[in-house]
Amino acid sequence: MPDSYDSRTALVVVDVQNDFADPNGSLFVTGGEQVVTAVNAEIEAARAGGATIAYTQDWHPPETPHFVTDGGTWPVHCVRDTWGAELHPDLVMEGPTVRKGTGGEDGYSGFSMQDPESGEVSPTGLHELLAERGAERVVVVGLALDVCVKATALDAVRLGYDTTVVAEASAPVELEDGDGERAIAEMREAGVRVP
Ligand code: VGL
Ligand code: ZN
């Protein structure tokens, strides 16, 4: 756990939603339930240190090329206004939530959205929100380590934040064996701290 949460630090809690964190979720990440406890501990430390805390929420339309049913990669998950898309009921809420994927784009990163057809990238508003509050450091936790946590951390580095991922408060979906370790290597390569 970074020992120095302060007012210049933002904790970004990625996609701690039923479909990823509950064993009955459609894209349950092994270890997702324990992640909720570890994430809550980070939220408490961040709150105590006066850090900004923000949440992301995967929020897909029922049909999107993000889903295997429409030619994409993933089982149907986090469909807007369904149980699976709700943030986990045990997650401690201490700040605003930014939704992503709302227009049918993949929405992997909490900072940007890429249209799956045109490839066009647009901001989600998270950067503005953090910048407004004076954040210089970003700490990323949540799900999944090798997908949305990775994409969010890589964007945070690109945007100039001193960026840390707390791997103990995350878990990989591992579509392929080793994706978790590869994600950590890729993030470190890009300048993300993964202590
Ligand atoms: C995620 C797969 C598809 C995530 C989102 O939150 O990591 N993974 N959509
Ligand atoms: Zn998704």
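Residues numbered from 1 in each chain as written. Chains lettered and ligands numbered in written order. Predicted model: local features only at pLDDT ≥ 70, side-chain atom pairs only at ≥ 80, totals over all residues.

**Brief notes about the overall build of the protein chain**
Using the following cut-off: Helix numbering and strand numbering both begin at the N terminus, where a helix is a DSSP run of H or I of at least 4 residues and a strand a DSSP run of E of at least 2. With the radius of gyration taken over C-alpha atoms, the globule rule is written as 2.2 Å times the number of residues to the power 0.38. We call two residues in contact when the distance between their C-beta atoms, placed using the backbone, is within 7 Å.
On a plain count of helices and strands, the protein chain comes out with 5 helices and 7 strands. Along its sequence from the N terminus, the protein chain presents helices and strands in the succession β-α-α-β-β-β-β-α-β-α-β-α. Taken over the C-alpha trace, the protein chain has a radius of gyration of 15 Å; the compact-globule value for 195 residues is 16 Å, and the two agree within 12%. Considered along the principal axes of its C-alpha atoms, the protein chain spans approximately 45 × 35 × 30 Å. Look at the contacts in the protein chain between residues 6 or more apart in sequence, and 71% of them connect residues 24 or more apart.

**Observations concerning helix H4 (residues 145–158)**
As a reminder of what qualifies: Field definition: a residue is buried when 20 or more other C-beta atoms are found within 10 Å of its C-beta, exposed when 12 or fewer are, and partly exposed for counts in between, with C-beta atoms placed from the backbone.
Here H4 lies mainly inside the structure; 12 of its 14 residues are buried. Every buried residue belonging to H4 is among Leu145, Asp146, Val147, Cys148, Val149, Lys150, Ala151, Thr152, Ala153, Leu154, Asp155 and Ala156, and all of these are buried. Where the residues of H4 are buried, they touch strand E1 (9–14), strand E4 (112–114), strand E6 (137–143), strand E7 (162–171) and helix H5 (179–190). Of the residues flanking the end of H4, it is glycine 160, one or two places downstream, whose phi is positive at about 95 degrees.

**Here we look at the confidence of the model for the protein chain**
Where we set the bar: Per-residue confidence from the predictor is reported as pLDDT, a score between 0 and 100.
Summing up the model confidence of the protein chain, the mean pLDDT is 95 and the portion of residues at 70 or higher is 98%. Per the prediction output, this complex has pTM 0.96; the corresponding ipTM is 0.98.

**As for the sheet that holds strand E3 (residues 97–100)**
Hydrogen bonds between backbone atoms are what pair the strands of a sheet, whose relative direction is either parallel or antiparallel. For clarity, the cut-off: At least two DSSP bridges between two strands are needed for those strands to be called paired. Orientation is described by lines fitted to C-alpha atoms, with helices fitted over the stretch in contact, and by angles between N-to-C directions that extend from 0 to 180 degrees.
The 5 strands lie next to each other as E3-E2-E1-E6-E7, forming an open sheet whose pairing is parallel. One side of each edge strand has no neighbouring strand; the edge strands of this open sheet are E3 and E7. Averaged over all neighbouring strand pairs, the angle between strand axes comes to 20 degrees, with direction disregarded. Of the pairings in the sheet, the one linking E1 to E6 comprises 6 bridges and is parallel in character. Across the sheet, valine 13 pairs through a bridge with valine 141, a residue of E6. Here helix H2 (residues 32–48) sits on the sheet in contact with E1, strand E2 (52–58), E6 and E7, set at roughly 140 degrees to E7. Seen against the sheet, H4 touches E1, E6 and E7 and runs at an angle of roughly 170 degrees to E7.

**Some words on the nonpolar core**
Side chains that are nonpolar tend, in soluble globular proteins, to be buried together. Basically, it comes down to this: In this usage, the nonpolar core is the set of buried Ala, Val, Leu, Ile, Met, Phe, Trp, Tyr and Cys residues whose C-beta atoms join them within 7 Å.
In terms of nonpolar packing, the biggest core is built from 49 residues, with Leu11, Val13, Val140, Leu143 and Ala144 touching the most fellow members. The element best represented in this core is H4, accounting for 8 residues. In contact with alanine 144, other than residues within four places in its own chain, are Phe20, Val29, Val149, Ala171, Pro172 and Val173.

**Some details on the packing of H4 against H5**
Relative orientation and spacing of two packed helices are given, respectively, by the angle between their axes and the distance between those axes. Stated formally: Any angle from 65 to 115 degrees is called roughly perpendicular, while one under 35 is roughly parallel, one over 145 is roughly antiparallel, and all others are oblique.
Orientation of H4 relative to H5, taken along the N-to-C sense of each, is 0 degrees, at an axis distance of 10 Å. If you check the angle between H4 and H5, you find them roughly parallel. Touching Leu145, Asp146, Lys150, Ala153, Leu154 and Val157 of H4 are Asp179, Gly180, Ala183, Glu186, Met187 and Ala190, all from H5.

**Quick word on H2**
Residues spaced three or four apart along an α-helix point in a common direction, a consequence of the helix completing one turn every 3.6 residues. Let me state the cut-off plainly: Helix span is expected to be 1.5 Å times the residue number reduced by one. The arc in question is formed by the directions pointing from the helix axis toward the C-beta atoms.
Taking 1.5 Å of rise per residue, 17 residues should cover 24 Å, and H2 covers 24 Å from first to last C-alpha, within 8% of that figure. Taken residue by residue, H2 has Gly32, Val35, Val36, Val39, Glu42, Ile43 and Ala46 as its buried positions. With its buried residues spanning 130 degrees around the axis, H2 presents them on a single face. Those residues of H2 that are exposed and angled more than 90 degrees off the buried face are Thr37 and Ala48. Tucked into the core, H2 has its buried residues touching E1, helix H1 (18–21), E2, E6 and E7. Positive phi appears at glycine 50, one or two residues downstream of H2, with a value of about 80 degrees.

**Description of the environment of alanine 41**
Along the chain, alanine 41 turns up in helix H2. Along the chain, alanine 41 and alanine 144 lie 103 residues apart, while their C-alpha atoms are 18 Å from each other.

**Regarding the environment of valine 138**
Among the structural elements, valine 138 can be located in strand E6. Distance from valine 138 to alanine 156, taken between C-alpha atoms, is 7.0 Å for residues 18 residues apart in sequence. With near-sequence residues (within four places) excluded, valine 138 lies in contact with Ala10, Val12, Leu130, Ala156, Tyr161 and Thr163.

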